[in-house]
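Working through the structure, step by step
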Amino acid sequence: MKQLYKFRPIYIVYGVLTAVIFYAQTWKTAASGITARDFRMALTSRYDTTRLPLNNDSLRKSATESTDTTRLPGSDSSKTVTTIDTFSIKFSKDSLDAPVKYEAADSAVILIKDKKVLLYGKTKTEYKDITLTAPKVELDQATQIVTAVNDKDSTGTVINQAHFKSGTNEFTSDTIRYNFKTQVGLTQNTTTQEGEIFVNGRQAKKVNETTTFIKQARFTTCNLDEPHFAFLTPKMKVINGKLAVSGPAHPEFEGVPVPIWLPFGFYPLSKGRHSGLLPPRFSANEQFGLGLEGLGYYKVLSEYWDVKVYGNVYSYGGWSVNLNPTYRKRYRYSGAFNLSLLATKFNFKGDPDFLKNKTFSVTWSHSVDGKARPGTNFSANVNAGSTRYNQLVTNNTRQNFQNQLSSSISYSKNWIGKPYNLTLSANHNQNNLTRLVNVSLPDAGFSVSTLYPFQGKNSLGNKWYQKLGVAYNGTFRNQFSFYDTAFRLKDLIDTFQWGAQHNFPITLALPPIAGGAVIVSPGISYSQVWIAQKMRRKWDTAKQKSDTTITKGFFTDHQITFSLGFNTAIFGTYQFKNSRVLGIRHVIRPSISFNYKPDLSRKNFYTDTVSRGFAYRFSEYSGALYPGYGEGRTGGISFQLDNNLEMKVRPKKDTAADAKKIVKLIDGFGFSSGYNFLRDSLKLDLFNIYLRTTLFEKISITANTVLDPYQTNQNGVDIDKYAWEGGKFKLGRLTYGSISVSTNFKSKPKDAKKEELRKKQQELAMQDPNLAADQQQLLAYKDQNPSEFVDFNIPWQLNVGLSISFVNRLKADLTGFEKDFTSNMNFSGSFNLTPKWNFSVSGYYDFDGKNLQMFQMGISRDMHCWQMSIDVTPVGLYKFFSFSISPKASVLQDLRINRTRSFPNF
């Protein structure tokens, strides 16, 4: 065998010297915080896989205890003495308490003698929660300082900057020098972001984990490299997540300084709630004069409570104050309260239009998390106030035309596992036109779910009588009414009413017949009402008018009904061949019910002449809370026919053989009526006709009407003669009808992801109880300045709503009936004139008065980090003009230029 290696003595000498040098360098490196294992890894590692822990963790592990077991002379072999050999190593003062990990895409150079590591290319250095990326990095083991610099091209232009991140704090710089141990750093040309504010400093010094001092700082909310505007200050201190404080500062626009100096600056950076002043807005109003609006203070009272107090002050003497506390306890309850006091003073004394008035408004919303107390709920939705408050509020077209207000406060208890349910509530409603206020307090309701008394505990209910069920529903109400212009306690007592209603339905669940196609529903129901007053009208011949007499007391009315109902569904389909329309399906749902009701209420009805030559049938309980039941026996049938129409089509874009799409043509249309065989006249009931549909998934149509099949006398009262009798064919006359059409057209968003994000943010904001109290104020501000809320991501959109209705109403002099028509249209829309300019309009047209009740238009300009809007309301209760230019960022929302003028139109 051929000898491959030839033994030479020089090899032994070389090996010994190598071992001595290696172990000497190993212990020297260990004293500096680098173990022998780490040193061997450094010798064998390549550029982008280098990992050199600059710490003493492994060194501490090397200080071990070794155990030696020694047998004593002359003793038992099983008895030993344990001795512990220990050794200690002196730790280097410059060692770190965590490893430093680094990598480089290009190359890494380790200078062992200088205790430095040089990294080139796309480098990454990690220490604890610190991550540093830069084109070039130098790690100094002796000083524990890391230095990162940027990368420039041949012309001196910076290509890549160094990026530093520590927890939530991060910034980019041309040069970074940072001490891992002291956490002190020095940077050049640094840019960082705190919330919505971007800060750039020529030189920055990080003195600890949270505090940074900046020299020659420029801060802005514009995210461009060359911002449209900024504030310059010679020095600035930033405390992460808390605040920033600056010295004298002045603004600049497009790099041009503006000679307006602020002595100092204080900028809150903390997230969440914090107390502070609410700055005012300047306004001018023809009735109120010059004024400051929105001046106030916001105070965080506790973790669960906060309060905002703000108001308006005007030069003519008018003022307003708003108290707005909000509260929230997660997973328990949340709510908001708002009390507004408005002192109106139009013009000066002696002026013919002088007006002085004081009004108020109260709103309260409260909700409880359903999981907090299962089976129990308390909620409140209060909107009340003076009947003239909405009319006198300026610059709010939505609230000016809101004439109906209502409130509800309710408590409900549902016994879990038991069929009982209790509801207590207080309700309110008011009409600002008639100035009538109705208050129901308290209202109570108690119900028992269907019980099956003949069904045993372990019975499955196979016998027919075991499916016999009985339930109970009862309500109790108290109500009083008053006019806010003539409020007196005596009048309040005179209008007080109370009443109750009890209902005992008895049902029987029978199996379907005709092969399961027809469902049979028999039932018996007994009802009773408690009434607190009677009312009778009597014609006074001498005075030629009708007098009304009210009798207080306790009265009852009863009703019992028997019914047997049948309902089913009929399906029909017409299929097409060689067409995109695959078929049309028609579903018919007929139902018929046989019913009987004895006449238990005839004694409560009377006939009287309410005007000359006009007699009418009245109920004594017509003015009560529960007006009693109708007179006459009922023995007949009631019927209803409901339909819907659907179409199945093949989509254009989907070419699959089984691809299909269901399109609803008509959601529902039909009619209902009845026939009473036991009635002496007018046996056929009125016909209720309805229609619901959504055309092209865009146009929503809802219509309903009442068809009277009888002819009338000269006073408009029905007579026992059908409309089609007398030679002329006529189905009847419409006594009531309404139709509403609404549609919303808009283009596709330019950026679908941005639109989806906007919708989610809007939903979260609406669900946030902390913002609940601001919703009305926000809606009011949107009405005043709609162009400030333009979505430039939607190129165009159009909303139109049309409403038409009529009703046969008894004349004021009780001489007959007259038809009362109402019709109106509301519209709104916007479109982008250019990618940065948007024009919007909105209005309300009254067809009855043939005039435009309200019209508003606005134009807005997107200026990247700023926005400008001009809004004009030339038609309305108040004529309004507003010009505003302000930054988009919420942190600078008070840095706005605003000019507002309003003029009355009444």
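**As for the pattern of salt bridges**
Counting across every chain of the model gives 17 salt bridges. The partner of Arg536 in a salt bridge is Glu620, and the shortest N-O contact between them spans 2.9 Å. Separated by 84 residues along the polypeptide, Arg536 in strand E34 (residues 519–540) and Glu620 in the loop between strand E39 (614–619) and strand E40 (634–649) bring together distant segments of the chain. Under the relative-accessibility criterion, Glu620 is labelled buried at 6%.

**Here we look at the nonpolar core**
Counting 22 residues, the largest nonpolar core has Val137, Leu139, Ile176 and Phe180 as the members making the most contacts within it. Within the residue set of this core, elements represented by two or more residues are strand E3 (100–103), strand E5 (116–127), strand E6 (130–140), strand E7 (145–149), strand E10 (162–166) and strand E12 (175–179). When neighbours within four sequence positions are excluded, Phe180 is seen to be in contact with Leu96, Val100, Thr125, Tyr127, Ile130, Leu139, Gln144 and Val146.

**Remarks on the confidence of the model for the protein**
Summarising the model, the protein shows a mean pLDDT of 81, and 82% of its residues fall at 70 or more. Here residues 1–80 is modelled with pLDDT under 50, and outside its nearest four sequence neighbours on either side it reaches 91 contacts, counting other chains as well. Counting contacts from residues 769–773, a segment whose pLDDT is below 50, to residues more than four positions away or on other chains yields eleven contacts.

**Description of a positive patch on the surface**
On the surface, Arg580, Arg650, Lys652 and Lys661 cluster together into a positively charged patch. Relative to the helices and strands, Lys661 is located in strand E41 (residues 661–676).

**What to know about a nonpolar patch on the surface**
The grouping of Val309, Val313, Trp319, Val321, Leu323, Leu341 and Phe360 at the surface amounts to a nonpolar patch, some 550 Å² of accessible area in total. Within the residue set of the nonpolar patch, elements represented by two or more residues are strand E24 (305–314) and strand E25 (319–329). Tallying contributions element by element places E25 first for the nonpolar patch, with three residues. Judged by relative accessible area, which is 52%, Val313 ranks as exposed.

**Section: the packing of aromatic side chains**
In this structure the tally under the stated criterion is 34 aromatic pairs. For the ring pair Phe229 and Phe231, a centre distance of 6.3 Å and an interplane angle of 85 degrees mean the geometry is edge-to-face. For the residue pair Phe229 and Phe231, the accessibility class agrees, reading buried in each case. Taken together, the ring pairs in this structure connect Trp415, Tyr420, Phe446, Tyr472, Phe504 and Tyr526 into an aromatic cluster. Between Lys413 and the ring centre of Trp415, over which it is positioned, the NZ or CZ distance is 5.9 Å.

**Remarks on the side chain of Thr873**
Its location among the elements puts Thr873 in strand E51 (residues 866–875). A distance of 3.2 Å separates the side chain of Thr873 from the side chain of Gln856, its partner in a polar contact.

**Let's talk about the pairing of strand E27 (residues 355–368)**
As paired elements, strand E26 (residues 333–346) and E27 share 14 bridges and run antiparallel to each other. Bridge pairing in E27 places Phe337 opposite Trp364. Bridge count between E27 and strand E28 (residues 376–385): six bridges; the pairing is antiparallel. Paired with His366 across the strands is Ala380, a residue of E28.

What counts and what doesn't
Residues numbered from 1 in each chain as written. Predicted model: local features only at pLDDT ≥ 70, side-chain atom pairs only at ≥ 80, totals over all residues. Heavy atoms only, no water. Salt bridge = Lys/Arg side-chain N within 4 Å of Asp/Glu carboxyl O. Helix = DSSP H or I, 4+ residues; strand = E, 2+ residues; numbered from the N terminus. Buried < 20%, exposed > 50% of the residue type's maximum accessible area, 1.4 Å probe, protein only. Core = buried A, V, L, I, M, F, W, Y, C linked by side-chain atoms within 4.5 Å. Contact = heavy atoms within 4.5 Å. pLDDT = per-residue confidence, 0-100. Patch = residues over 30% accessible without salt bridge, like charges linked within 9 Å, V, L, I, M, F, W, Y side chains within 5 Å. Areas by Shrake-Rupley, 256 points an atom, 1.4 Å probe, with all protein chains shown as cover. Lys, Arg positive; Asp, Glu negative; His and termini not counted. Charge placed at Lys NZ, Arg CZ, Asp CG, Glu CD. Phe/Tyr/Trp six-rings, centres within 6.5 Å; stacked < 30°, edge-to-face > 60°. Lys NZ or Arg CZ within 6 Å of the ring centre and 35° of its normal. Polar contact = N/O pair within 3.5 Å; in protein donor to acceptor, adjacent residues only side chain to side chain. Pairing = 2+ DSSP bridges.

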